[in-house]
Amino acid sequence: MRPVYKSIFWQLVSRSIRTDYLENLTGFAWLILQPLLLLAVYAFVFTSIFQARSPAADHIGFVPYLAVAFWPWTAFSEAILKGSNTIVANAPLIGKVAFASELLPLSTVTATFMMHLAGYLAVLLVLYLSGTEIHWLGLLLAVPLLLFLCILAGAFTLFFSALQVFVRDVAQVLPPMMTFWFFVTPILYSTALLPAGIADWMRWNPLAWFVGRFRELILFGNYQPAWLDLLAPLASLALFWFGLKFFRRLSGHFEDFL
C-alpha cells in the first residue's frame, strides 16, 4: 500500500470510529454496555428458561462458553453488514476523488473490529470477576486469530460492497444470510451435539474453526497446534486476495452505476 493510501486509510478508520462511537458519550458507553447487557440477557434466557448446557463446557458453564464465541462473531457480522454499504453510501466520492476505493470498506471493517475489541475485553473481565477462569496467555494468542478473522471479514466485505453497486438487493439479502450463518456456526451449541455427518460438514465453515479456537485458547488453555491452525489463516488470506481482485475488477465501473 502506498504511503499516501495508508494515511487515507487511517483517516477513514478514525472518521468511522469518531462518527459511530466517540462524537457522543452514549455511543462510546453503549459500546461497553451493549455486550454486558446482551450477556445478561443470554445468561437469563439460556440458563434459566431453556436450561441450556453444553457437554464440552460442563465445568465452565454455558454462559462463558457462549460469550467467548459470540463477540468475535458479532464483530465479524457487523463489519460485513456495515462495510458492504460503504461504496453506495459514499457515491459522491467515487470517481471524483483520486484514491483506492477499496479503502472505504476495509476501513469500516478495521474500525468495527477495533471498537468491538473493547466490548470483548469488558465481557471477559466480567466473566473473570464472576469466577470464570480466563487463560490470559490464551487471550494473547487469540489476538492473531482476531486479525485473521478481520481479514476474512474484509474478504467478504470487499466482495459484497462491490456487488451491491450493481445488485442493490444485496442489502436486503445479507442480514438474513448472516443470521443463517450464525445458526450454522457452533456458537449456541457444541459440535459434539451434532450427528456425525453434519459435524463433518461443519468443518467447511471457517467460523466454526475460529470460535472453536477462541474457546480452546481462552477458556480451556489448550495451546496445542493442529493442521487447521495453518489452513484456516491461509484460507482467510486466499479469500481476501480473491475479494480484492473481484473488487478491483468491478471498481472501474462503479461511477457508471452510482
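Residues numbered from 1 in each chain as written. Predicted model: local features only at pLDDT ≥ 70, side-chain atom pairs only at ≥ 80, totals over all residues. Heavy atoms only, no water.

Go over the overall build of the protein with me, naming the residues and quoting the values.
A count of helical and extended segments in the protein gives 11 helices and zero strands. The 258 residues of the protein split such that 45% are buried. As presented, the protein carries roughly 13,500 Å² of accessible surface, and 69% of it is formed by carbon and sulfur atoms. (Helix = DSSP H or I, 4+ residues; strand = E, 2+ residues; numbered from the N terminus. Buried < 20%, exposed > 50% of the residue type's maximum accessible area, 1.4 Å probe, protein only. Areas by Shrake-Rupley, 256 points an atom, 1.4 Å probe, with all protein chains shown as cover.)

I'd like to hear about the packing of aromatic side chains, residue by residue, with values.
Within this structure, the stated rule accounts for 19 aromatic pairs. When the ring of Phe247 is compared with that of Phe254, the centres are 5.3 Å apart and the planes differ by 80 degrees; the resulting orientation is edge-to-face. Like Phe247, the residue Phe254 is buried in the burial classification. Among the aromatic residues, ring-to-ring pairing joins Phe70, Trp71, Trp73, Phe76, Phe156, Trp181, Phe182 and Phe183 into one connected group. Over the ring of Tyr65 we find Arg215; its NZ or CZ atom is 3.7 Å from the centre of that ring. (Phe/Tyr/Trp six-rings, centres within 6.5 Å; stacked < 30°, edge-to-face > 60°. Lys NZ or Arg CZ within 6 Å of the ring centre and 35° of its normal.)

How would you sum up the confidence of the model for the protein? Please name residues and give values.
In low-pLDDT segments, the atomic positions of the prediction should not be examined closely. The predicted model of the protein has a mean per-residue pLDDT of 85, with 90% of residues at 70 or higher. Put simply, helix 2 (residues 25-49) is where the protein has its lowest mean pLDDT, 72, and helix 6 (residues 136-166) is where it has its highest, 94. (pLDDT = per-residue confidence, 0-100.)

Please provide a residue-by-residue account of the nonpolar core, values included.
The biggest cluster of nonpolar side chains holds 49 residues, and the ones touching the most others in it are Phe76, Phe113, Phe214 and Ile218. Sorting the residues of this core by element identifies helix 2, helix 3 (62-83), helix 5 (103-129), helix 6, helix 7 (170-183) and helix 9 (206-218) as the ones contributing at least two each. Ile218 has contacts with Val68, Tyr120, Leu124, Glu133, Ile134, His135, Gly138, Leu139 and Ala142, leaving out every residue within four places of it along the chain. Grouped together as the second largest cluster of nonpolar side chains are 20 residues, Ile17, Leu106, Met115 and Val165 included. (Core = buried A, V, L, I, M, F, W, Y, C linked by side-chain atoms within 4.5 Å. Contact = heavy atoms within 4.5 Å.)

Describe in detail helix 3, supporting the description with residues and values.
Spanning 22 residues, helix 3 covers 32 Å between terminal C-alpha atoms, matching the ideal 32 Å at 1.5 Å per step. The largest bend in helix 3 comes to about 25 degrees, at Phe70, with the proline Pro72 one to four residues further on. For helix 3, a buried count of 19 out of 22 residues is recorded, marking the element as mostly surrounded by other parts of the structure. (Expected span 1.5 Å × (residues − 1). Bend = angle between axes of the 7 residues up to and from the residue.)

Outline the environment of Leu38, listing residues and values.
Along the polypeptide, Leu38 turns up in helix 2. We classify Leu38 as partly exposed; its relative accessible area is 30%. For the pair Leu38 and Val123, spaced 85 residues apart in the sequence, the C-alpha separation amounts to 9.9 Å. Beyond its immediate chain neighbours, meaning those up to four positions away, Leu38 contacts Phe70 and Trp71.

Any details on a nonpolar patch on the surface? Residues and values, ideally.
Together, Leu137, Leu140, Leu141, Val143 and Tyr223 make up a nonpolar patch on the protein surface, roughly 460 Å² of accessible area in all. With respect to the secondary-structure elements, Leu141 resides in helix 6. (Patch = residues over 30% accessible without salt bridge, like charges linked within 9 Å, V, L, I, M, F, W, Y side chains within 5 Å. Salt bridge = Lys/Arg side-chain N within 4 Å of Asp/Glu carboxyl O.)

Quick rundown of the pattern of salt bridges? Include the residues and the values.
Under the criterion given, the structure shown has four salt bridges. A salt bridge links Arg213 to Asp229, with the nearest nitrogen and oxygen atoms 3.2 Å apart. Taken together, the positions of Arg213 in helix 9 and Asp229 in helix 10 (residues 228-251) put the pair 16 residues apart, joining distant regions of the chain. Within the structure, one salt-bridge network assembled from shared partners comprises Arg213, Glu216 and Asp229.

How would you summarise helix 9 if you had to cite specific residues and measurements?
Between its first and last C-alpha, helix 9 extends 19 Å over 13 residues, near the 18 Å set by a 1.5 Å rise per residue. For helix 9, the tally of buried residues reaches 10 of 13 residues, placing the bulk of the element in the interior. Within helix 9, the full set of buried residues consists of Leu207, Ala208, Trp209, Phe210, Val211, Arg213, Phe214, Arg215, Leu217 and Ile218. For helix 9, the elements touching its buried residues are helix 3, helix 5, helix 6, helix 7, helix 8 (196-202) and helix 10. The residue sitting at the N-terminus of helix 9 and contributing the capping side-chain oxygen is Asn205; that oxygen lies 3.0 Å from the backbone nitrogen of Leu207. (Polar contact = N/O pair within 3.5 Å; in protein donor to acceptor, adjacent residues only side chain to side chain.)

Help me get a handle on the packing of helix 6 against helix 9, residues and values and all.
At a minimum axis separation of 9 Å, helix 6 and helix 9 run at an interaxial angle of 165 degrees. In terms of axis orientation, helix 6 runs roughly antiparallel to helix 9. Between helix 6 and helix 9 lies a crossing whose hand is left-handed. Contact with helix 6, carried on its side by Gly138, Leu139, Leu141, Ala142, Leu145, Leu146, Phe148, Leu149 and Leu152, involves Pro206, Leu207, Trp209, Phe210, Arg213, Phe214, Leu217 and Ile218 of helix 9 and no other residues of that element. When its residues are assigned to classes, the contact of helix 6 with helix 9 shows 15 nonpolar, one polar and one charged. (Axes fitted to C-alpha atoms, helices over the stretch in contact; angles between N-to-C directions. Parallel < 35°, antiparallel > 145°, perpendicular 65-115°, else oblique. Left-handed = near helix turned anticlockwise from the far one by under 90°. Nonpolar A, V, L, I, M, F, W, Y, C, P; charged D, E, K, R; others polar.)

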